Amino acid sequence: SQNLSTIDKYNTQLGTGKKVSRPSDDPSTTSLQMRLHSEMRRIEQHLENVDAGITWLENTDAALEEAGAVVHRLRDLAVEGANGALDQDALNAIADEVNGLLNHLVQVGNTNIGGKYIFAGTRTLVAPLQAVYDADGNVTGVQYKGDSGSVELEISAGASVRVNTAAPEVFFDVINAAINLRDRLLAGDHVAVSNSLGEIDAANDLVLRQRSTVGAKVNRLELTKSRLGETALNAERLLSNVESVDVAEVVMKLSLQQTVYEALLNVGSRVIQPTLLDFMK
């Protein structure tokens, strides 16, 4: 009976490829398996968070790059408008383009990825920037509809990374610089238009700093992703060593156990006492 039980165990191991089918087979191994499986789930969740964070940050960088391109164009227009030889009609034409760039900045600030507004703080379902217009359709300001909350993702035990940038941290200065430039162009004040260059350069520096911060976070997440990948491989190897059987070894043990079983049957048949039927023969 004990040999049949052992043979059944080896057959089960060959069929499942696992050393342990029930916790009662080996409680200590089962406990280790549970810990390793739990660790694997944590690693998988952290990898998902890292991938989500990289996607968020890369889209943030793309939006900031677009905002930077607008700032560069604003500077070109400010340099052009500062030319005292331009008449008011020319200044008004430049102001019209600045107004168009203002509207574009609002659109960039309302970038939506996968149904989430990435510059709205934690209110990701609400468009963060709402433009305010005058009677002539000119943007006179923006209202922020998001919040100052941080979107943080856990990337390892006890370590989280903030992946969001709230619109006021970058877009308000850029938009205000553009509004001031437009108003000074419409006022025909060449000197004031020239002074706008300082505001625009400051806005450009702000965009660059934000992009630098985003880039540093992306680099950190990329390194974390690589480390988590290596940790996952090591955990998989250990789990495989703990729960997977060596097929050749099990086949050999099964063959040996079957030989022992047959030998036991042979010995058993010889030690059984003769029955009454044997005497009757």
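Rules used throughout
Residues numbered from 1 in each chain as written. Predicted model: local features only at pLDDT ≥ 70, side-chain atom pairs only at ≥ 80, totals over all residues. Heavy atoms only, no water. Salt bridge = Lys/Arg side-chain N within 4 Å of Asp/Glu carboxyl O. Helix = DSSP H or I, 4+ residues; strand = E, 2+ residues; numbered from the N terminus. Buried < 20%, exposed > 50% of the residue type's maximum accessible area, 1.4 Å probe, protein only. Core = buried A, V, L, I, M, F, W, Y, C linked by side-chain atoms within 4.5 Å. Contact = heavy atoms within 4.5 Å. Pairing = 2+ DSSP bridges. Phe/Tyr/Trp six-rings, centres within 6.5 Å; stacked < 30°, edge-to-face > 60°. Axes fitted to C-alpha atoms, helices over the stretch in contact; angles between N-to-C directions. Parallel < 35°, antiparallel > 145°, perpendicular 65-115°, else oblique. Left-handed = near helix turned anticlockwise from the far one by under 90°. Nonpolar A, V, L, I, M, F, W, Y, C, P; charged D, E, K, R; others polar.

S.K.: Requested: an account of the pattern of salt bridges, with residues and values cited.
M.R.: Scanning the entire structure with this criterion turns up 8 salt bridges. The shortest N-O distance in the salt bridge between Lys225 and Asp51 comes to 3.0 Å. Of this pair, Lys225 sits in helix α5 (residues 190-243) while Asp51 sits in helix α2 (residues 27-81); the two residues are 174 residues apart in sequence, bridging distant segments of the chain. Judged by relative accessible area, Asp51 falls into the partly exposed class, the value being 33%. In this structure, Arg184 engages Glu199 in a salt bridge whose closest nitrogen and oxygen atoms are separated by 3.2 Å. Pair noted here: Arg184 is in helix α4 (residues 171-186) and Glu199 is in helix α5, with a separation of 15 residues, a long-range link. Looking at Arg184, the relative accessible area reads 21%, which means it is partly exposed.

S.K.: Could you give an account of the nonpolar core, with specific residues and numbers?
M.R.: With 53 residues, the main nonpolar core has Leu74, Val98, Phe171, Ile175, Leu181 and Leu185 as its most contacted residues. Counting only elements with at least two residues in this core, the list comes to α2, α3 (88-109), β3 (129-133), β4 (139-144), β5 (152-156), β6 (159-162), α4 and α5. Contact partners of Phe171, with chain neighbours within four places excluded, come to Ala67, Leu105, Val108, Gly109, Phe119 and Leu129.

S.K.: Please provide a residue-by-residue account of the pairing of β5, values included.
M.R.: Bridge count for β5 against β6 is 4 bridges, and the pairing is antiparallel. Paired with Glu152 across the strands is Arg162, a residue of β6. The turn linking β5 back onto β6 is made up of 2 residues, and Gly158 within it adopts a positive phi angle of 80°.

S.K.: Describe the environment of Glu44, and please don't skip the residues or the numbers.
M.R.: Among the secondary structure elements, Glu44 is positioned in helix α2. On the accessibility criterion, Glu44 (44% relative accessible area) is partly exposed. Separated by 188 residues in the primary sequence, Glu44 and Ala232 have C-alpha atoms spaced 8.0 Å apart.

S.K.: Summarise the packing of aromatic side chains; cite the residues concerned and give the values.
M.R.: The description of two aromatic rings rests on the distance between their centres and on the angle between their planes. Inspection of the entire model under this criterion finds 2 aromatic pairs. Consider the rings of Phe119 and Phe171, whose centres lie 5.0 Å apart with planes at 75°: the pair is edge-to-face. Linking Phe119 in the loop between β2 (116-117) and β3 with Phe171 in helix α4, this pair joins segments that are 52 residues apart in sequence. On the numbers, 6.5 Å between centres and 90° between planes, the contact of Tyr144 with Phe172 is edge-to-face. Here Phe172 lies in helix α4 and Tyr144 lies in strand β4, a separation of 28 residues in the sequence. Judged by its relative accessible area of 22%, Tyr144 is partly exposed. Residue classification places Phe172 among the partly exposed positions, given a relative accessible area of 24%.

S.K.: Let's hear about the packing of α3 against α4: which residues, and what values?
M.R.: When two helices pack together, their arrangement is captured by the angle between the axes and the distance separating the axes. Viewed as axis vectors pointing N to C, α3 and α4 meet at an angle of 165°, and their least axial separation amounts to 8 Å. As far as their axial angle goes, α4 and α3 are roughly antiparallel. By crossing handedness, the relation of α3 to α4 is classed as left-handed. Residue-level inspection shows Gln88, Leu91, Asn92, Ile94, Ala95, Val98, Asn99, Leu102, Leu105, Val106, Val108 and Gly109 of α3 in contact with α4, the latter providing Phe171, Val174, Ile175, Ala178, Ile179, Leu181, Arg182, Leu185 and Leu186. Tallied by class, the residues present in the contact of α3 with α4 amount to 16 nonpolar, 4 polar and 1 charged.

S.K.: Explain the environment of Arg182 to me, and be specific about the residues and the numbers.
M.R.: Position of Arg182 relative to the elements: it lies in helix α4. Exposure remark for Arg182: the relative accessible area of 3% places this residue in the buried category. Linking Arg182 and Leu91, residues 91 residues apart in sequence, is a C-alpha distance of 9.0 Å.

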